[in-house]
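# A structural walkthrough
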Amino acid sequence: MAALDDLAFFQHIARARSLTGAARELGLSLSAVSKRLQQLELRLGVALATRTTRRLTLTPEGERYLQRGALILDDLGELENSLREQGSALSGRLHVNATFGFGRRHVAPLLSRFAACHPQLSLQLELSNFPRGLDAQGVDIHIRVGEPPDARWVARRLLANRRILCAAPAYMASRPPLRAPEELAQHDCLVIRENDTDYPLWRFEAKADPREQRTVRVHGRLSSNDGEAMTRLARDGHGVLLRSWWDVHALLARGELVELLPEWRGVAADFHLLYSARARESLRVKRFAEFMVAEMAGRVPPLP
């Protein structure tokens, strides 16, 4: 048990990034925290961190002890959780990562309902401009767009989704008709600068035969890293937008935007809930995944 206690102690130390912060978090004196860290390093025979009272920097051995220790503690927690009766109350911690737009619109409301059903469960929702790496420390569930990764990850599809080419009626009334993807060169295109992708390249496939594909390099004087901002600019008549169906379906239904080139469609951009194969036996992960899959059904109309 001393080794497990040391692992847990070092997690606090590493998260705090200072001895002073760790002492405050643990409710101990600074000298007690410093002495325990020294004893741990003496037992292991390696230096885990260089430190002052204000700053703590992990050594390579410290980074290894932190990362492997977190996995061991997580495995222990999952083992204990899986041994409980299926009907028992969920407890422990669940860390979910999603992107801002989809996270705010769909993940946050559903997580709120899940939290209300499981008051003993600690839930952390982390929203970011770009998805966290799948191997990011401490993240239990990732909600991602695109094809699932390799077999190390369990993937549950949350939403069938594609990108839709659209614009405001006022914009199209003042510009030449659009009959083929290549004619986008004659239009102002609203470019969303996401991730490290080649963002001015817009990819399409024929609705009648998905094997027929086109890639078009677009141009426009307006761009942003925020999809919601670009959707607003499209509504205001500034140009053509390639945007996910989940985000623009209501605007299309109200006529604020109109779909262009309906015989062509953006490539699939389905949303998946991902968790590692190691977490397969985690009751809280499984319950949350099942809840999200069930509750997402019907939140977005089917693709046209």
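These notes cover the structure that comes with them. (Residues numbered from 1 in each chain as written. Predicted model: local features only at pLDDT ≥ 70, side-chain atom pairs only at ≥ 80, totals over all residues. Heavy atoms only, no water.)

This next bit is on the overall build of the protein. In terms of helices and strands, the protein carries nine helices and 15 strands. Along the first, second and third principal axes, the C-alpha atoms of the protein reach 75 × 45 × 35 Å. Across the 304 residues in the protein, those meeting the buried criterion constitute 41%. A separation threshold of at least 6 residues defines the contact pool for the protein, and within that pool the share at least 24 residues apart is 71%. Accessible area of the protein: about 16000 Å², with a carbon and sulfur share of 51%. Averaging the coordinates of the 43 positive side-chain charges in the protein and doing the same for the 36 negative ones gives two points 3 Å apart. (Helix = DSSP H or I, 4+ residues; strand = E, 2+ residues; numbered from the N terminus. Buried < 20%, exposed > 50% of the residue type's maximum accessible area, 1.4 Å probe, protein only. Contact = heavy atoms within 4.5 Å. Areas by Shrake-Rupley, 256 points an atom, 1.4 Å probe, with all protein chains shown as cover. Lys, Arg positive; Asp, Glu negative; His and termini not counted. Charge placed at Lys NZ, Arg CZ, Asp CG, Glu CD.)

Before going further, it helps to examine the sheet that holds strand S13 (residues 258-259). Pairing is mixed across the open sheet formed by five strands, whose spatial order is S11-S8-S12-S7-S13. The open sheet terminates on both sides in strands that have one partner only, identified here as strand S11 (223-224) and S13. Taken together, the two bridges between strand S8 (residues 189-192) and strand S12 (residues 240-244) define a ladder with parallel strand orientation. Opposite Leu190, over in S12, you have Leu241 as the bridge partner. Set on the sheet, helix H8 (residues 245-254) makes contact with strand S7 (163-167), S12 and S13; between it and S12 the angle comes to about 120°. (Pairing = 2+ DSSP bridges. Axes fitted to C-alpha atoms, helices over the stretch in contact; angles between N-to-C directions.)

Attention now moves to helix H5 (residues 100-117). The end-to-end C-alpha distance of H5 is 24 Å, a good match for the 26 Å that 18 residues give at a rise of 1.5 Å each. Its maximal kink placed at Val107, H5 deviates by approximately 40°, while the proline Pro109 follows within four residues. Among all positions of H5, only Phe102, Gly103, His106, Val107, Leu110, Leu111 and Phe114 are buried. (Expected span 1.5 Å × (residues − 1). Bend = angle between axes of the 7 residues up to and from the residue.)

This paragraph deals with the sheet that holds strand S4 (residues 121-128). Taken together, the five strands give an open sheet; going across it, the order is S4-S3-S5-S15-S6, and neighbouring strands pair in mixed fashion. Each edge of the open sheet is held by one strand with a lone partner, namely S4 and strand S6 (153-159). On average, each strand axis in the sheet is inclined to that of its neighbour by 20°, with strand direction left out of account. Sheet topology places strand S3 (residues 92-99) next to strand S5 (residues 141-145); two bridges connect them, and they run parallel. In the strand pairing of S5, Asn97 is matched with His142. Docked against the sheet, H5 engages S3, S4, S5, S6 and strand S15 (271-276), running at close to 175° with respect to S4.

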